[in-house]
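# Descriptive analysis of the structure
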Amino acid sequence: MPPVRPALLLVTLLLGGCASPSHQQLGQALSGLEGELTRLEEELAAMNGLHYQKAIDAPLALRRYLSAPSPTAEGLVPAQSRLQDGPLLRYDYRLPASMTRLPTDNPCLRYEFELRHLGRLGQLELAWQGSGQQGSQRIHQRDCPFSARGQGLQ
């Protein structure tokens, strides 16, 4: 578990014990902590500083993104996505009849959001099927020279 999470959980428990009986105040405190956690996770992702192994520790932004992933430049959306311990994110694509393979040129930029949010140990596996063709490619986050100053490569 990243060192930030235990501290935030402790603060949450302390606030819960000190809060008035009003559930509304407790809810506001928890919302504030969730917002702060999200902000910190985004800062760490932008600096390429996330480091975790368990899928349950994945940043909230990544888990939300996986519930409704954005289409690729070609309009493809994964038929299925799975986040596993490691962390390993697997996207399964079903290609239209006009495509024989998934475009995988410059995967570090194509899948920058996912790779940054998977952290230093993260891997992204792309698998595709279509028109009798199938294939896969695995991208390790450590192989992507992300800039520590924000989006893009060094």
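Okay, so let's go over this structure.

Cut-offs and rules
- Residues numbered from 1 in each chain as written.
- Predicted model: local features only at pLDDT ≥ 70, side-chain atom pairs only at ≥ 80, totals over all residues.
- Heavy atoms only, no water.
- Helix = DSSP H or I, 4+ residues; strand = E, 2+ residues; numbered from the N terminus.
- Buried < 20%, exposed > 50% of the residue type's maximum accessible area, 1.4 Å probe, protein only.
- Contact = heavy atoms within 4.5 Å.
- Areas by Shrake-Rupley, 256 points an atom, 1.4 Å probe, with all protein chains shown as cover.
- Core = buried A, V, L, I, M, F, W, Y, C linked by side-chain atoms within 4.5 Å.
- Phe/Tyr/Trp six-rings, centres within 6.5 Å; stacked < 30°, edge-to-face > 60°.
- Polar contact = N/O pair within 3.5 Å; in protein donor to acceptor, adjacent residues only side chain to side chain.
- Pairing = 2+ DSSP bridges.
- Axes fitted to C-alpha atoms, helices over the stretch in contact; angles between N-to-C directions.

Turning to the overall build of the protein, a few remarks are in order. Assigned secondary structure in the protein consists of 5 helices and 4 strands. Along the chain direction, N to C, the helices and strands of the protein fall in the order α-α-α-β-β-α-α-β-β. A total of 154 residues make up the protein; the buried ones form 40% of that total. Contacts in the protein between residues at least 24 apart in sequence constitute 57% of all its contacts with a sequence separation of at least 6. Element-wise, carbon and sulfur atoms account for 55% of the exposed surface of the protein, whose accessible area totals about 8,900 Å².

Attention now goes to the nonpolar core. Formed by 22 residues in total, the largest nonpolar core has its most connected members in Tyr91, Tyr93, Leu102, Tyr111, Leu115, Leu124 and Leu126. Those elements that provide at least two residues to this core are helix H3 (60-67), strand S2 (88-94), helix H5 (112-118) and strand S3 (123-130). If near-sequence neighbours (up to four positions away) are discounted, Leu102 is found in contact with Leu76, Tyr93, Leu95, Tyr111, Leu126 and Trp128.

On to the packing of aromatic side chains, then. Per the counting criterion, the structure on display carries 3 aromatic pairs. Their ring planes at 80° and their centres at 6.1 Å tell us that Tyr91 and Tyr93 sit as a pair that is edge-to-face. Members of the aromatic cluster, connected to one another through ring pairs, are Tyr91, Tyr93 and Tyr111.

With that settled, consider the side chain of Thr72. Relative to the helices and strands, Thr72 resides in the loop between H3 and strand S1 (80-84). Judged by relative accessible area, Thr72 falls into the buried class, the value being 15%. Excluding residues that lie within four positions of it along the chain, Thr72 makes contacts with Tyr93, Arg110 and Tyr111.

Position of Gln123 relative to the elements: it lies in strand S3. For Gln123, the side chain forms a polar contact with the side chain of Arg138, separated by 2.9 Å. Sequence-distant contacts of Gln123, defined by excluding residues within four places in its chain, comprise Pro87, Leu88, Leu89, Leu118, Arg138, Ile139 and His140.

The pairing of S3 with strand S4 (residues 133-140) spans 8 bridges and is classified as antiparallel. From the neighbouring strand, Gln129 faces S4, where its bridge partner is Gln134. The antiparallel pairing of S3 with S4 creates a hairpin that spans 2 residues between the two strands, and Ser131 there sits at a positive phi of about 45°.

Strand order in the open sheet formed by 4 strands is S1-S2-S3-S4, with mixed pairing between adjacent strands. With partners counted over all chains shown, the strands left at the sheet margins are S1 and S4, one partner each. Here the strands of the sheet are splayed against their neighbours by 10° on average, with no regard to which way each runs. Two strands pair when backbone bridges link them, and S2 and S3 are joined in this way by 7 bridges, in the parallel orientation. Each residue of the ladder has a partner; that of Arg94, found in S3, is Gln129.

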